[in-house]
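Take a look at the letters that make up each chain.
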Amino acid sequence: MLSIKDLHARVEDTTILKGLNLDIKPGEVHAIMGPNGAGKSTLGYVLSGREGYDVESGSADFDGKDLFDMEVEERAQAGLFLAFQYPVEIPGVSNMEFMKESVNAMREARGEAALSSAEFLKKAKEACKQVELPLDFLKRGVNEGFSGGEKKRNEIMQMIMLEPKLAILDESDSGLDVDALQVVAKGVNSQRDGKRSFIVVTHYQRLLDYIEPDYVHILSKGKIVKSGGPELAKEVEASGYAWLKEGESA
Amino acid sequence: MSQWLAHVIERAANVDDWLSPVRANALAELKQKQWPGRRTEAWRYTSLHKVADLALKTSSQAVAEAPQVNGLNSIDLVFVDGRLSTDIAHLQLPEGIRIAALDAKSDAAEALFANIKPAHHLFGLVNDVLAQQGIVIDVAEGAQVEQPIRIVNVSTNGIESHQRTLVRVGQGAKATIIEHGVGNEQSLNTVFAEYDIADRASLEHYRLALQEDQAIHVGGSHFRLHNESKLNSTLVGYGSQLTRLDVDIEHAGEHAFAKFNNIYLLAPHEHFDLHSTIEHAQPNGTTEENARGIIGDKAKAVFNGRIHIHRHAQKTLAELNNRNLLLSRGAQINTKPELEIYADDVQCAHGATVAEIDEEALYYMLTRGIDKQQALVMLNFGFVQELLFQMPNKALADWLQPILRQRFERMMEQK
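Calculation notes
- Residues numbered from 1 in each chain as written.
- Chains lettered and ligands numbered in written order.
- Predicted model: local features only at pLDDT ≥ 70, side-chain atom pairs only at ≥ 80, totals over all residues.
- Heavy atoms only, no water.
- Pairing = 2+ DSSP bridges.
- Helix = DSSP H or I, 4+ residues; strand = E, 2+ residues; numbered from the N terminus.
- Contact = heavy atoms within 4.5 Å.
- Axes fitted to C-alpha atoms, helices over the stretch in contact; angles between N-to-C directions.
- Parallel < 35°, antiparallel > 145°, perpendicular 65-115°, else oblique.
- Buried < 20%, exposed > 50% of the residue type's maximum accessible area, 1.4 Å probe, protein only.
- Core = buried A, V, L, I, M, F, W, Y, C linked by side-chain atoms within 4.5 Å.
- Buried area = accessible area lost by both parts, 1.4 Å probe.
- Salt bridge = Lys/Arg side-chain N within 4 Å of Asp/Glu carboxyl O.
- Polar contact = N/O pair within 3.5 Å; in protein donor to acceptor, adjacent residues only side chain to side chain.
- Nonpolar A, V, L, I, M, F, W, Y, C, P; charged D, E, K, R; others polar.

Named according to an unreviewed UniProt entry, chain B is Fe-S cluster assembly protein SufD originating from Idiomarina aquatica.

An unreviewed UniProt entry lists chain A under the name Fe-S cluster assembly ATPase SufC, with Idiomarina aquatica given as the organism.

**Student:** Help me get a handle on the sheet that holds strand 19 (residues 347–354) of chain B, residues and values and all.
**Tutor:** Residues and elements named next belong to chain B. Read from one edge to the other, the open sheet built from 10 strands follows the order 2-1-5-7-9-11-13-15-17-19, with strand pairing classed as mixed. Looking at strand neighbours, the two that pair on one side only are strand 2 (83–84) and strand 19, the edges of this open sheet. Judged from the 2 bridges that link them, strand 1 (residues 75–80) and strand 2 form a sheet pairing that is antiparallel. Of the residues in strand 2, the one forming a bridge with F79 is L84. Each of strand 13 (257–266), strand 15 (286–295) and strand 17 (317–326) is contacted by helix 7 (residues 372–389), which is oriented at about 150 degrees to strand 15, the strand it contacts most.

**Student:** Lay out the packing of helix 3 (residues 95–109) of chain A against helix 4 (residues 117–130) of chain A in plain terms, naming residues and giving numbers.
**Tutor:** For any two helices packed against each other, one specifies the crossing angle of their axes together with the interaxial distance. Residue and element names in this part refer to chain A. Helix 4 packs onto helix 3 with a crossing angle of 105 degrees between their chain directions and a minimal axis gap of 11 Å. By the angle between their directions, the pair helix 3 and helix 4 is classed as roughly perpendicular. Along its contact with helix 3, which presents M96, M99, K100 and V103, the element helix 4 presents S117, F120 and L121.

**Student:** I'd like a description of the environment of V178 of chain A, backed by residues and values.
**Tutor:** All names here are of chain A. Tracing the chain through its elements places V178 in helix 6 (residues 178–190). For V178, a relative accessible area of 42% corresponds to the partly exposed category. Separated by 28 residues in the primary sequence, V178 and R206 have C-alpha atoms spaced 9.3 Å apart.

**Student:** Mind laying out the nonpolar core, listing which residues take part and the relevant values?
**Tutor:** Counting residues in hydrophobic clusters, the biggest one holds 92 residues, and the most contacted among them are L2, I4, I90, L169 and I199 of chain A. Once you skip the residues sitting within four places of it in the chain, I4 of chain A turns out to touch L20, N21, L22, L43, L47, S59 and A60 of chain A. Membership of the second largest hydrophobic core comes to 53 residues, among which are F79, A193, L245 and A256 of chain B.

**Student:** Quick one: what's the story with the interface of chain B and chain A, residue by residue and with numbers?
**Tutor:** Opposite the 20 residues of chain B that make contact, chain A presents 31 residues. Surface buried jointly by chain B and chain A totals about 2200 Å² across both partners, of which 62% is contributed by carbon and sulfur atoms. It is Y363, Y364 and R368 of chain B that lose the most area in chain B upon contact with chain A, and together they represent 37% of the buried surface on that side. The interface formed by chain B and chain A includes 2 salt bridges. Note that R368 of chain B and E155 of chain A form a salt bridge whose closest N and O atoms lie 2.6 Å from each other. On the surface where chain B and chain A come into contact, there are 14 residue pairs in polar contact (both at pLDDT 80 or more). At 8 residues, helix 7 of chain B tops the list of elements feeding residues into the side of chain B that touches chain A. Class assignment of the residues belonging to the side of chain B that touches chain A gives a composition of 9 nonpolar, 5 polar and 6 charged.

Next comes the structure, spelled out in structure tokens:
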């Protein structure tokens, strides 16, 4: 699905990712954990193609295609989804028109016919229900005046609607209480179908109680320094990230 | 002096009705007026050379239909070239509202005519002396009128016309008034409206100045707010050959609230000029004014927004913001937000910007697979659509949205 090799990337003049390797097969859930400043969010931005996040070297093969050779919207149309840590407010564009445009752009890219208004609405209603967002959210501006939790649930709603091949969840747990966390996790789990892959980026182990990963990677200073199974997340929970510094000095 | 204005003054002598004494005062003022040039502050960026020698017919036999607004369910009062074509005697009116023609003498008309609108507006004076037809709407104390009243002005080819609207909203009453103007052929149409909003009364107001192309439209909406009254007004304007609107909102009572949103959308070569003046004459008033415009190629917009807080008007809250989006290098905006504050305990903010695309919002849309071109259309239109979303009347907003969207998409193609 996604194969990243020796990725170096910088934001402005600072190199953040320094030789990152990651291999994700269809249906797998990979958790990426790490302290603040490790480059967790940068990874999502680089993979999605955000301006200002430049690849210095290395490669990323996404489903047989060179990811870094594609525009932002082409990556999305190819099935890459990024759930934002801080979803953007667009007050003048309604969720409805935003999602309709987006869903149909994806469908067009897959060679499918555009959804009719009725079909779209049906799908949107189901997705809203899954993440417990009231329907009138669709009429409001994109993320406008949403609480932090509502924004995060809206991201998951979008993921459900867009049916990506690979979803990167950038700290989808930050700022959520336990109830909201469960709603987000339930939404994500409902999309695990053995084919769709996930990268779950998180600072804390908490989310991984609800979304069980196949692999856990520890990112530090722009590199994956340790990989393991779900038990690795528990270790982090118990001992924090202090051992990273010890490792460095040793 | 322009030929046209000289002719107006001549014609004014022939107007004889119950308003003649008031019209005489206006005529005296008008005779004192200089024809505005580049050095006239109120007309600095809007040249009147297209009006100066204009000689159109002043009477019309035209028959025209008012544009229908689906789902609005309004009481429509239709003027074609300034002539009332609706049979107002047979209207089904909700309780508490009276509608009369201007030529019938009434208390309301007498109290309102040229009493709310400041006398300094040149074309307001022209309207004072020439507008023989108009409508007077009187909403009784306490009446809660849900059904909107729509006053439509249709201008047809080759005609000059003048129409007047007078509205009194009684104490604690509630009403919705829509001023809706259309016309795209060569014409000159002035429409001035005066509103008195009594204590605790509430007015929802819309002015759709949808004159375009060859039309010339000059007008104003003027409001006086009494104690604890509320005004929620939305102005939507195109450019036309020349569209000039003056809006005055006077906080004459305490604790009054005014929300005033403006949207202007200028096709190539159009000209739009909005001057708004908010007078905070009393303490504890609130004003929120937001103006957003998108300006097409070789079109020119002028925005002058003034908030004047008098010495006595303590605890005033006032915000004025103007944002503009220029679609090409040939598009022009002259914007001047002005705050004049003479009280020391107030909260005010004002600003004007020429907007650029929000890169973060664009990136967000791209990550959702939306093509860049389409994302830009959505974001740019979203800029004004945000104010459409704030319109309390959803039927009107839903009707306007696709019309404005289409106009905008044509503007994008023509840049």
